[in-house]
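Understanding the architecture of this molecule
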Amino acid sequence: MRVDVVSIFPEYLAPLELSLIGKARGLGILELQVHDLRTWTNDVHRTVDDTPYGGGPGMVMRPEPWGRALDQVATPESTLIVPTPAGEPFTQRVAHELADLPHLIFAPGRYEGIDQRVLDHAATRMNVREVSLGDYVLFGGEVAVLVIVEAITRLLPGVLGNADSLVEESHTGGLLEAPMYTKPAVWREQPVPEILRSGDHGRIARWRRAQAVLRTAERRPDLLAAADLDKRDLDVLNE
Ligand SMILES: COc1cccc(COC(=O)c2cn[nH]c2)c1
């Protein structure tokens, strides 16, 4: 997979050089390049924003620099990803969809956003997806790009050593993950649930499922409604 990021704060994306993402790049699983949007400005002040038509507070990112950046970076097989509070929810399912694509271009917006014509024009020549990480507003999309790139990179084949760890992650099967424990068996007078040390893998799987159902009911009733619960799950909820 190839990833390009165009930003007015390219140094914000430096953490993408580290850890698993750095490993994925080292393995040739992921190609990543970060670009400075101001490369594509042509005025002496390298201007990237201006006041909004129709009035209102703040500034809007001008279309020209973005248009020239995408002219250079995009191909017809590119997908433009724009992190924005106004986007579709970014979920593990969306992460899987994006992980299958050949080329992602991230357009983290600053100020009040990017002139809409940039996205409309891009949509005539590539896929465009506006995605939201949550219902809050950041100063810019760079932090969201770090999150999205990490969520996608860990799904790329060869990145995670133990493929099984993907199976147990939250949001698989639509439920939250059960609580996890490791040594010591007792810590500050708190014992690990004895069932997990019983060696009875059938009971352990049932216990974990029950914990996942209860935790999801408590914290994310929206996910529970969408999950395919079996009779035992319903018994757990009605206990
Ligand atoms: C492109 O337009 C804008 C406008 C305002 C802020 C941002 C940065 O993204 C977020 O704030 C965000 C992303 N998911 N949840 C919040 C982008």
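Residues numbered from 1 in each chain as written. Predicted model: local features only at pLDDT ≥ 70, side-chain atom pairs only at ≥ 80, totals over all residues. Heavy atoms only, no water.

Side note on the pattern of salt bridges
Heads up, the rule is: When a carboxyl oxygen of Asp or Glu lies within 4 Å of a side-chain nitrogen of Lys or Arg, that pair is called a salt bridge. Every helix listed is a DSSP run of H or I at least four residues long, and every strand listed is a run of E at least two residues long, numbered separately from the N terminus. Summary of the burial criterion: residues with accessible area below 20% of their type's maximum are buried, those above 50% are exposed, and those between are partly exposed, where the area comes from a 1.4 Å probe applied to protein chains only.
With the rule as written, the count across this model stands at 11 salt bridges. With its nearest N and O atoms 2.7 Å apart, the salt bridge here joins Arg129 to Glu97. Highlighted residues: Arg129 in strand E7 (residues 127-132) and Glu97 in helix H3 (residues 92-99), separated in sequence by 32 residues. Residue classification places Arg129 among the buried residues on the basis of a relative accessible area of 19%.

Quick word on the site of the ligand
For clarity, the threshold we go by: Proximity criterion: a residue is near a molecule or strand once any of its heavy atoms comes within 4 Å of it. Polar contacts here mean pairs of N or O atoms no more than 3.5 Å apart (in protein, one a potential hydrogen donor and the other a potential acceptor; neighbouring residues in sequence count only if both atoms are side-chain atoms). Using the Shrake-Rupley algorithm and a 1.4 Å probe, accessible areas are obtained, with residue cover drawn only from the displayed protein chains.
Taken together, 14 residues surround the ligand, and among them Leu133, Gly134, Tyr136, Leu138 and Gly140 come closest. Within the backbone of Leu133, an N or O atom sits 2.9 Å from a nitrogen atom of the ligand. In this structure, Leu138 approaches the ligand through a main-chain N or O atom, which is 2.8 Å from an oxygen atom. Protein contact buries 94% of the 410 Å² of open area that the ligand shows by itself.

A short note on the domain arrangement of the protein
Interface extent is often summarised as the accessible area lost during association of the parts. The test is simple: Domain borders in the structure are assigned automatically or taken from a domain database.
Domain boundaries assigned for the protein yield domain 1 (2-163) and domain 2 (171-238). Look at where the C-alpha atoms of domain 1 and domain 2 centre, and you get two points 36 Å apart.

Overview of helix H5 (residues 142-153)
Keep this limit in mind: To estimate the expected span of a helix, subtract one from its residue number and multiply by 1.5 Å.
In this model, H5 (12 residues) spans 16 Å end to end at C-alpha, consistent with the 16 Å of a helix rising 1.5 Å per residue. Taking burial as the measure, the 12 residues of H5 include nine buried ones, the bulk of the element.

Focus on the nonpolar core
Heads up, the condition is: Grouping buried Ala, Val, Leu, Ile, Met, Phe, Trp, Tyr and Cys residues that are joined through side-chain atoms within 4.5 Å yields what is termed a nonpolar core. By definition, residues are in contact when any of their heavy atoms lie within 4.5 Å.
Of all hydrophobic cores here, the largest spans 27 residues; its most connected members are Phe90, Leu98 and Phe106. Contributions of two or more residues to this core are made by strand E1 (2-7), helix H1 (19-26), H3, strand E6 (103-106) and H5. Top element by residues in this core is H5. It accounts for six residues. In contact with Phe90, other than residues within four places in its own chain, are Ala95, Leu98, Val131, Ser132, Leu133, Ile148 and Ala151. Judged by nonpolar contacts, the second largest core, of 20 residues, contains Trp66, Ala69, Val73 and Ile105.

Concerning the sheet that holds E6
For the record, the criterion: The rule for pairing is simple: two strands pair if DSSP sees at least two bridges between them. Note on geometry: axes are lines fitted to C-alpha atoms, helical ones only across the stretch in contact, with angles between N-to-C directions running from 0 to 180 degrees.
Within the open sheet, the five strands sit side by side as E2-E1-E6-E5-E7. Their pairing is parallel. Each having just a single partner strand, strand E2 (31-36) and E7 make up the two edges of the open sheet. Across the sheet, the mean angle separating the axes of adjacent strands is 25° when strand polarity is ignored. Looking at chain direction, E1 and E2 are connected through six bridges and run parallel. Bridge pairing in E2 places Val5 opposite Val34. Here H5 sits on the sheet and contacts E1, strand E5 (78-89), E6 and E7; the angle it forms with E6, its principal contact strand, is near 160°.

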